[in-house]
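Working through the structure, step by step
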Amino acid sequence: DASTVGLAAIVQRAIRVAVLGLILFVGLVGLAGHGFTLLPTGFVPQEDEGYCVVNVQLPDGASQERTSRVVDFANEMIMDVPGVKDSLGITGFSLIDNSAGSNKASFFVTFEHWDDRPTAELSQQAIVANINQRVAAIQEAAAIGFEPPSLPGVGMAGGFSLALQDRGGSGLGMLEQVTNDFVIDGVAQPTIAGMFTGFRSNTPQLFIDIDREQVRKLDVPLSDVFGSLQAYLGSAYVNDFTRFGRIYQVRVQADASFRASPEDIRQLEVRSRRGKMIPLNTLFEVREVLGPQVVNHHNIYPSAKINGFTVPGVSSGDGMSLVRSIAAQKLPPTMGYEWTDLSYQEDLASGSTAIIFLFSILLVYLVLAAQYESWSLPLSVCFAVPTALLGAVAAVMLRDLDNNVYTQIGIVLLIGLSSKTAILIVEFAKVERDEGKSIAEAAIQATKLRFRAVLMTAFSFILGMLPLLVATGAGGASRQALGTTVFGGMVVATVVSVVTVPMLYFVIQWISEKLGGGRSRPDEPISDA
């Protein structure tokens, strides 16, 4: 009762100085909007998925045996990291580049259960940083660990990813040089923890230059020449057979000892159409060249993929902004870039936040306009939304979070919750006004009648958000983002709205009646306002 009487006195005072109150309210709205623009942007929070991916790349042309030794050495380092449970090394394939090569390897590293990693030192971020610190000591290879993306299936690594494109036909050598310079410039930035590219254009290769005129003279089908090279040096599918209740494939391939050196290629033979065996060394020339092991194309253009991640406390949106500035300064006119994987989705979704919020508020306004059959009365309800936004922004800033999808979902939820709180007051104020009371009396009486209901509604939802605030484990980051936004917004909206909503109702209703030709009661405190 004492708090209700005290609140009624505050509301009465606010109505008497409504002009000053409006100025303060506009200031709060501006502060909320400005604070929202200052929030670091992101797409989805980086979740603790319980595993990570480590990419290993040796110098160009390194053999698979050499790669296997490095993998065994790296596996011992990884297994010594606290919090790591198991490690699976895959030799000859890069998960980050999605390409095969004798000098490439990848690790799937699984962690202990979330309940066994309660401290920050055993979080996914800390474990990956520990792994990177250890594998950086490997001198024979470049190894780096990545946190997995929070959305499964959208790439293999979290952080940011992009594809540098050779749009002017500068050549793969120039693309490699620009890519390496880009990575060096990125790593030099204090907010970027690491960047990696697996693109190489100078891998040692053997080029078989076939003399097609000689092939025609010796009456050898050209397809047989390529087929023989494929079967002996690679493999060729023959057929299937069934045994032990399973289907097996039959593939032919020369034994490893007979395809270990370039000289072995000269020992191969092919049958001509006349049935004679022709040595393949009479049909082509083998020479050593340098070239790319894999050439990827992104939107038609030859491209090099780059993955990176920011230091703790820096959002993915800030990292992408920094990459944009580096690209604007460093990329030549013939080169360009496009975002890939999760970064593409984040870039695609950017800029739509304000539109979503405006449509949400517009929907609330139109529903209330139809309910109250008034265009002015719902304004006092909708004006309660900025107070919730101010609390959400303050809470997100205090917890050092970013403006991501879950934050925006929380704000949309706050639009409905804060409007509901305002409706509890405005609806009763309208009833009191229709019964003949003055606008000020109606606003004050509605505040008294609905103060307890407002608190009950607000506290029930605020206390319901507490488990999300302290969520840990799988999905903990997303729950914290949503819970923090709604908790902070409801606290501030509840405290501020119980004063500003009656004041705004008084101002809007008074203006509406004046413009509509209505007549105020003699005891209306218009002069004080």
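The shown structure was predicted, so the numbers you read here are calculated from the model rather than taken from an experiment. (Residues numbered from 1 in each chain as written. Predicted model: local features only at pLDDT ≥ 70, side-chain atom pairs only at ≥ 80, totals over all residues. Heavy atoms only, no water.)

The number of helices and strands found in the protein is 17 helices and 15 strands. For the protein, the spread of C-alpha atoms along the principal axes amounts to about 120 × 55 × 50 Å. Here the protein, with 529 residues, has 44% of them falling under the buried criterion. A separation of at least 24 residues holds for 75% of the contacts in the protein among residues at least 6 apart in sequence. Surface accessibility of the protein: about 26600 Å² in total, with carbon and sulfur atoms responsible for 58%. Placing the 38 positive and 50 negative side-chain charges of the protein at their respective mean positions leaves the two points 5 Å apart. (Helix = DSSP H or I, 4+ residues; strand = E, 2+ residues; numbered from the N terminus. Buried < 20%, exposed > 50% of the residue type's maximum accessible area, 1.4 Å probe, protein only. Contact = heavy atoms within 4.5 Å. Areas by Shrake-Rupley, 256 points an atom, 1.4 Å probe, with all protein chains shown as cover. Lys, Arg positive; Asp, Glu negative; His and termini not counted. Charge placed at Lys NZ, Arg CZ, Asp CG, Glu CD.)

A word on the pattern of salt bridges. Taken as a whole, this structure holds 10 salt bridges when the rule is applied. Note that D48 is salt-bridged to R117, the shortest N-O span being 3.0 Å. Of the two residues, D48 is situated in the loop between α2 (18–38) and β1 (51–57) and R117 in the loop between β3 (99–111) and α4 (124–135); the sequence distance between them amounts to 69 residues. Classification of R117 by relative accessible area gives buried; the value is 6%. For E140, the salt bridge is made with R66, and the minimal N-O distance between the two is 3.5 Å. Of this pair, E140 sits in the loop between α4 and β4 (142–146) while R66 sits in helix α3 (residues 64–79); the two residues are 74 residues apart in sequence, bridging distant segments of the chain. When salt bridges that share partners are traced, they join D219, R273 and R274 into one network. (Salt bridge = Lys/Arg side-chain N within 4 Å of Asp/Glu carboxyl O.)

Let us now look at the packing of aromatic side chains. Counted by the stated rule, this structure contains 7 aromatic pairs. With a centroid separation of 5.7 Å and 85° between ring planes, the pair formed by F146 and F309 is classed as edge-to-face. Of this pair, F146 sits in strand β4 while F309 sits in strand β14 (residues 301–310); the two residues are 163 residues apart in sequence, bridging distant segments of the chain. In terms of burial, F146 and F309 fall into one category: buried. (Phe/Tyr/Trp six-rings, centres within 6.5 Å; stacked < 30°, edge-to-face > 60°.)

Let us now look at the sheet that holds β4. An order of β2-β3-β1-β4 is seen for the 4 strands of this open sheet, with the pairing classed as antiparallel. Where the open sheet ends on each side, the last strands, each with one partner, are β2 (84–94) and β4. The mean angle between the axes of side-by-side strands here comes to 20°, regardless of whether they run parallel or antiparallel. Packed on one face of the sheet, α3 meets β1, β2 and β3 and runs near 160° to β2. With respect to the sheet, α4 is in contact with β1, β2, β3 and β4, its orientation differing from that of β4 by roughly 180°. (Pairing = 2+ DSSP bridges. Axes fitted to C-alpha atoms, helices over the stretch in contact; angles between N-to-C directions.)

For the pair helix α14 (residues 405–434) and helix α15 (residues 439–464), the least separation of the axes is 7 Å and the interaxial angle reads 145°. As for how α14 packs across α15, the hand of that crossing is right-handed. On the side of α14, the interface is formed by L413, L417, K420, T421, L424, I425, F428, A429, E432 and R433, while α15 contributes I439, A442, A443, Q445, A446, T447, L449, R450, A453, V454, T457 and F461. The residue makeup of the contact of α14 with α15, split by class, is 14 nonpolar, 4 polar and 4 charged. (Left-handed = near helix turned anticlockwise from the far one by under 90°. Nonpolar A, V, L, I, M, F, W, Y, C, P; charged D, E, K, R; others polar.)

Moving on, we come to a negative patch on the surface. Taken together, the side chains of D86, E112, D115 and D116 make up a negatively charged region of the molecular surface. One can find D86 in strand β2. (Patch = residues over 30% accessible without salt bridge, like charges linked within 9 Å, V, L, I, M, F, W, Y side chains within 5 Å.)

Our next topic: the environment of M174. Looking at the element boundaries, M174 is found in helix α5 (residues 172–187). Assessed through its relative accessible area of 36%, M174 is described here as partly exposed. Residues M174 and I127, 47 residues apart in the sequence, show an inter-C-alpha distance of 36 Å.

Because an α-helix packs 3.6 residues into every turn, residues spaced three or four apart end up facing the same way. The end-to-end C-alpha separation of helix α1 (residues 2–16) is 21 Å, in line with the 21 Å expected for 15 residues at 1.5 Å each. Among the residues of α1, T4, L7, A8, V11, A14 and I15 are the ones counted as buried. End-on view of α1: buried residues confined to an arc of 125°, all on one side of the axis. In α1, the exposed residues that point more than 90 degrees away from the buried face are A2, V5 and R13. Where α1 is buried, its residues touch α2, α15 and α17 (476–515). (Expected span 1.5 Å × (residues − 1). Arc of directions from axis to C-beta.)

Turning next to the nonpolar core. The biggest cluster of nonpolar side chains holds 38 residues, and the ones touching the most others in it are I15, L368, V381, V426, V501, Y505 and F506. Mapped by element, the contributors of at least two residues to this core are α1, α2, α11 (353–372), α12 (377–382), α14, α15 and α17. Here this core takes 8 residues from α15, the largest share from any one element. By size, the runner-up hydrophobic cluster in this structure holds 23 residues, among which are V54, V56, L58 and V109. (Core = buried A, V, L, I, M, F, W, Y, C linked by side-chain atoms within 4.5 Å.)

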